[in-house]
Amino acid sequence: MKKFDYSLNYKELNLRKQPELYTVGRGEQGVLMVEPYKSEILPHWRFKTPEIATESAEKIYELFLAYKKKSDFVGMDMARKFLQMGYTRARRYTNHRGGRKYSKEDGSILPYQNDEVKAEAAAIFKAQWEIARADPDYVKMKKEHREKYESAEA
């Protein structure tokens, strides 16, 4: 698996027009960099309450399906990353009020809490993320993208 390429000038690139430059990477890598997808998806990404998370996750999944309809794998993967990030960020706020995991003073992990509201928001995103990442067309397109653009020969 090829690592996400952070050296590219993402501010200038349009990866819808140049999908060959996109690297899936691991997890959420590049989620806040890859255009035009970041600008299309980010305005809908929210997780403050379960109601807001539901609306957000549903809208992002709608975008995932719209990208799928256009055979736009990069868009699908970016929507999947935003769903994953909704889950991971909401989990962080579940465990650490204010979202800060590490102490500013010594870098130690701050005490865990359990914010039930954020936990519910995280569960909403996780469920939608799991649907997206298991989508048979997504799985097939991801494999094809990696073989075509991320293999050693590419």
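What this report covers is the structure whose coordinates are included nearby. All of these numbers come straight from a predicted model, not from anything done at the bench.

A closer look at the overall build of the protein
Of the regular secondary structure elements, the protein holds five helices and zero strands. Order of helices (α) and strands (β) in the protein, N terminus to C terminus: α-α-α-α-α. A compact globule built from 154 residues should have a C-alpha radius of gyration of about 15 Å, and the protein, at 16 Å, falls within 12% of that. Accessible surface for the protein amounts to roughly 9,100 Å². Of this, 51% is attributable to carbon and sulfur atoms. In the protein, 30 side chains carry a positive charge and 24 a negative one; their mean positions are 2 Å apart.

Focus: unusual backbone geometry
Put simply, Glu-35 and Pro-36 share a cis peptide bond, and its omega is 5°. Non-glycine residue Ser-71 carries a positive phi angle of around 55°. Within the secondary structure, Ser-71 sits in the loop between helix H2 (50-69) and helix H3 (73-95). A relative accessible area of 57% means that Ser-71 is categorised as exposed.

Considerations on the environment of Pro-50
Mapping Pro-50 onto the fold places it in helix H2. As a C-alpha pair, Pro-50 and Ala-119 span 69 residues in sequence and 8.6 Å in three-dimensional space. Setting aside chain neighbours within four positions, we find Pro-50 in contact with Val-117, Glu-120, Ala-121 and Ile-124.

Notes on the nonpolar core
Counting 35 residues, the largest nonpolar core has Tyr-22, Val-34, Ile-41 and Met-78 as the members making the most contacts within it. Residue assignment for this core shows that the elements contributing at least two residues are helix H1 (37-41), H2, H3, helix H4 (116-134) and helix H5 (136-149). Considering every element that reaches this core, the biggest residue donor is H3, with nine residues. When neighbours within four sequence positions are excluded, Ile-41 is seen to be in contact with Ile-60, Leu-63, Tyr-67, Gly-75, Met-78, Ala-79 and Phe-82.

Comments concerning the environment of Val-74
Among the secondary structure elements, Val-74 is positioned in helix H3. Exposure remark for Val-74: the relative accessible area of 2% places this residue in the buried category. Beyond its immediate chain neighbours, meaning those up to four positions away, Val-74 contacts Leu-15, Pro-19, Tyr-22, Val-34, Tyr-37 and His-145.

Brief notes about a nonpolar patch on the surface
On the surface, a nonpolar cluster with roughly 350 Å² of combined accessible area is contributed by Tyr-102, Ile-109 and Tyr-112. Within the fold, Tyr-112 resides in the loop between H3 and H4.

Here we look at the side chain of Gln-128
The residue Gln-128 is located in helix H4 in this model. Aside from chain neighbours lying at most four places away, what touches Gln-128 is Ala-57, Tyr-61 and Leu-83.

Topic: the pattern of salt bridges
Taken as a whole, this structure holds 12 salt bridges when the rule is applied. Salt-bridge contacts for Arg-16 lead to Asp-72; the nearest nitrogen and oxygen are separated by 3.4 Å. Of this pair, Arg-16 sits in the segment before H1 while Asp-72 is found in the loop between H2 and H3, placing the two residues 56 residues apart along the sequence. Judged by its relative accessible area of 36%, Arg-16 falls in the partly exposed class. Among the salt bridges present, the one from Arg-89 reaches Glu-28, with a minimum N-O distance of 2.9 Å. Here Arg-89 is found in helix H3, whereas its partner Glu-28 is found in the segment before H1, with 61 residues between them in sequence. Of the residues examined, Arg-89 reaches a relative accessible area of 26% and is grouped as partly exposed. A network of salt bridges, in which partner residues are shared, links Arg-16, Glu-40 and Asp-72.

Basis of the calculations
- Within every chain, residues take consecutive numbers counted from 1 along the sequence as written.
- Whole-chain, interface and lining totals are the exception, using all residues; otherwise, since this is a predicted model, local features are given only for residues with pLDDT of at least 70 and side-chain atom pairs are given and counted only at 80 or more.
- Side-chain measures here rest on the full set of heavy atoms in the structure, leaving out hydrogens and waters.
- Numbering of helices and strands runs from the N terminus, with a helix taken as a DSSP run of H or I at least four residues long and a strand as a DSSP run of E at least two residues long.
- Within these notes, the globule rule equals 2.2 Å times the number of residues to the 0.38 power, and the radius of gyration is based on C-alpha atoms.
- Per-residue and other accessible areas follow the Shrake-Rupley method at a 1.4 Å probe size, with only the shown protein chains counted as cover for residues.
- In this tally, Lys and Arg are treated as positive and Asp and Glu as negative; His is ignored, and so are the chain termini.
- Charged groups are reduced to one reference atom each: NZ for lysine, CZ for arginine, CG for aspartic acid, CD for glutamic acid.
- Summary of the burial criterion: residues with accessible area below 20% of their type's maximum are buried, those above 50% are exposed, and those between are partly exposed, where the area comes from a 1.4 Å probe applied to protein chains only.
- Whether two residues are in contact is decided by their heavy atoms, any of which lying within 4.5 Å being enough.
- Think of a nonpolar core as a cluster: buried Ala, Val, Leu, Ile, Met, Phe, Trp, Tyr and Cys residues, connected wherever their side-chain atoms sit within 4.5 Å.
- To count toward a patch, a residue needs a relative accessible area over 30% and no salt bridge; like charges are then connected within 9 Å, while nonpolar side chains (Val, Leu, Ile, Met, Phe, Trp, Tyr) are connected within 5 Å.
- Here, a salt bridge means any side-chain nitrogen of Lys or Arg that lies within 4 Å of a carboxyl oxygen of Asp or Glu.

Honestly, that's just the spatial picture; any functional story needs more than this.
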